[in-house]
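# Chains, contacts and geometry: an overview
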Amino acid sequence: MPDFPSISIVITTYNRSEALVQVLRALSQQDDSDFEIVIADDGSKQDHRGTVVNAVARFGLKATYVWHPDVGFTA
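Residues numbered from 1 in each chain as written. Predicted model: local features only at pLDDT ≥ 70, side-chain atom pairs only at ≥ 80, totals over all residues. Heavy atoms only, no water.

## Examining a negative patch on the surface
The grouping of Asp3, Asp31, Asp32 and Asp34 at the surface amounts to a negative patch. You can see Asp31 is positioned in the loop between helix H1 (17-28) and strand S2 (35-41). (Patch = residues over 30% accessible without salt bridge, like charges linked within 9 Å, V, L, I, M, F, W, Y side chains within 5 Å. Areas by Shrake-Rupley, 256 points an atom, 1.4 Å probe, with all protein chains shown as cover. Salt bridge = Lys/Arg side-chain N within 4 Å of Asp/Glu carboxyl O. Lys, Arg positive; Asp, Glu negative; His and termini not counted. Charge placed at Lys NZ, Arg CZ, Asp CG, Glu CD. Helix = DSSP H or I, 4+ residues; strand = E, 2+ residues; numbered from the N terminus.)

As structure tokens, this is what we get:
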């Protein structure tokens, strides 16, 4: 039987790199790491996407990053 995390954290984002990096930093400092992170990007620009991917790697987090085109607010 697969070992699933006990908590799923879904973070919605749209071009607010600085705010999202702070959230990811805080998650990386948690004592209990039995959680998964899903980042739902509502069509951010390429530079935001790169910042997110780099922050996930820098903080040693396991995250699923989902992006779709900007067609208005669809979070």
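After that view, the rundown keeps rolling.
## A closer look at the nonpolar core
Residues Leu24, Ile37 and Ile39 are the most contacted members of the largest nonpolar core, which totals 13 residues. Here this core gets four residues from one element, more than from any other, and that element is H1. Contact partners of Ile37, with chain neighbours within four places excluded, come to Ile9, Ile11, Leu27, Leu61, Lys62, Ala63 and Thr64. (Core = buried A, V, L, I, M, F, W, Y, C linked by side-chain atoms within 4.5 Å. Buried < 20%, exposed > 50% of the residue type's maximum accessible area, 1.4 Å probe, protein only. Contact = heavy atoms within 4.5 Å.)

## Focus: the side chain of Thr13
Checked against the element boundaries, Thr13 lands in strand S1 (residues 7-13). The contact partners of Thr13, leaving out residues within four places of it in the chain, are Leu20, Ile39, Ala40, Asp41, Asp42, Ser44 and His48.

## Overview of H1
In this model, H1 (twelve residues) spans 16 Å end to end at C-alpha, consistent with the 16 Å of a helix rising 1.5 Å per residue. Its buried side turned inward, H1 meets S1, S2 and helix H2 (46-58). (Expected span 1.5 Å × (residues − 1).)

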